[in-house]
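Descriptive analysis of the structure
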Amino acid sequence: MKFGCCLNMVSSGPDGTGMEWIPQAAMAGCDYLELPLAEIMYMMEPEFLALKQRLGDGGIRCRACNNFFPGKLRLIGERQERERALKYAYAALQRAGSLGASCVVFGSGAARCIPDGISYEAGYGQIVGLLRSLSPVAGFYGIDLAIEPLRKAECNIINTFKEGCSLAKDVNERNIKVLVDFYHLCEEKESLDHISNYGKGHLLHVHMADPEHRGFLRDSNRKEYDAFFQALKGAGYDHAISFEAYSRNFINDLKKSLIIGNELWQS
């Protein structure tokens, strides 16, 4: 198992990417990093090249990108900005591929929320159509898209891993798969059995944070983490887990999480 970190969650810089932490995260022992695509898309070309240089200097790969679409871009509803979304996606996926990412996470809760006056069925159909249109673009850059179920407090559609797998099945494209996020899974009180029951063939990527405070891992909750890891193993998953967590003492918290994660996975 490879362990990485979503740097946007601990960003202290004006660009919101967390790129200022790349050297320290690499030295802490991360196998890879995960960076926010919407924030990367706000960068001018010199800034983007500086980001690539920093990754190269740190000797670490950006394996995945989260935060695909900016929140102001409307993906669902009567005011759906489909053509703008596709144009944006072409450029964003090109940048993600240039960074070496093989996975882009489709969370983007604010962008994909169903607006008032639109039925769930209509909104769902628009997401299916969008993902089918995005599939060949992502494939061109060697990228798989991971549908991210989000808790109801953040989005009103696709809130559980089971629903994410159903969506991937309806889209029916080989590079459209699903992410499971331990924090959101716990918030929605979804059964861990859904990971092993529905994950095979669909599970592409994993986010993890402590469910009590959305922070990094801590010793007191090892049993909960272990149960989650066993469910991942039951689905045949053995690729990568990104810590997507808040922290006031980032490097120390990251180092401890890497130790806990590796110990539990190997146990």
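Given the structure is predicted, the values throughout are model-derived calculations rather than measurements.

1. Notes on the pattern of salt bridges
Close approach of charged atoms allows side chains of opposite charge to pair. Under the criterion given, the structure shown has 11 salt bridges. Across the salt bridge formed by D210 and R218, the nearest N and O atoms sit 3.6 Å from each other. Given a relative accessible area of 0%, D210 falls into the buried group. When salt bridges with common partners are traced through the structure, they connect R151, E154, E187 and R214 into a single cluster.

2. Observations concerning the sheet that holds strand β7 (residues 203-208)
In spatial order, the strands read β1-β2-β3-β4-β5-β6-β7-β8; together these eight strands close into a barrel with parallel pairing. Strand after strand, the sheet turns through a mean of 30° between neighbouring axes, direction not considered. Here three bridges tie strand β5 (residues 144-147) to strand β6 (residues 176-181), and the two strands are oriented parallel to one another. The residue of β6 that forms the bridge with A146 is K177.

3. Some remarks on the UniProt feature "domain: Xylose isomerase-like TIM barrel" (unreviewed entry) in the protein chain
This chain's UniProt record puts "domain: Xylose isomerase-like TIM barrel" (unreviewed entry) on residues 24-249. End C-alpha atoms of residues 24-249 are separated by 12 Å, and the span's content is 46% helix alongside 15% strand.

4. Thoughts on the packing of aromatic side chains
By the definition in use, this model includes 15 aromatic pairs. Aromatic pair F182 and Y225: ring centres 6.3 Å apart, planes at 75°, arrangement edge-to-face. Taken as a pair, F182 in helix α8 (residues 182-187) and Y225 in helix α10 (residues 222-234) lie far apart in primary sequence, 43 residues in all. With respect to class, F182 is no different from Y225; both count as buried. Aromatic pair F228 and F229: ring centres 6.4 Å apart, planes at 40°, arrangement tilted. One aromatic cluster in this structure is built from F3, W21, F182, F216, Y225, F228, F229, F243, F250 and W265.

Scoring rules and cut-offs
- Within any chain, residue numbers begin from 1 and follow the written order of that chain's sequence.
- Thresholds applied to this predicted model are a pLDDT of at least 70 for local features of residues and 80 or more for the giving and counting of side-chain atom pairs; totals over whole chains, interfaces and linings are not thresholded and use all residues.
- Each side-chain value is worked out from all heavy atoms of the structure, with water and hydrogens disregarded.
- Definition used for salt bridges: Asp or Glu carboxyl oxygen within 4 Å of a side-chain nitrogen of Lys or Arg.
- Only protein chains enter the accessibility calculation, which uses a 1.4 Å probe; a residue whose area is less than 20% of its type maximum is buried, one above 50% is exposed, and one in between is partly exposed.
- Strand pairing requires that DSSP identify at least two bridges connecting the strands.
- The way it works is that DSSP assigns letters per residue, a run of H or I at least four long becomes a helix, a run of E at least two long becomes a strand, and they are numbered from the N terminus.
- Axis angles are defined between N-to-C directions and span 0 to 180 degrees, where every axis is a line fitted to C-alpha atoms and, for a helix, only to the segment in contact.
- UniProt positions are given in the numbering used here, feature names are shortened, and annotations may be inferred rather than shown by experiment.
- Note on ring pairs: Phe, Tyr and Trp rings are taken, using the six-membered ring of Trp, and paired if centres are within 6.5 Å. Classes follow the plane angle, with under 30 degrees stacked, over 60 edge-to-face and the rest tilted.

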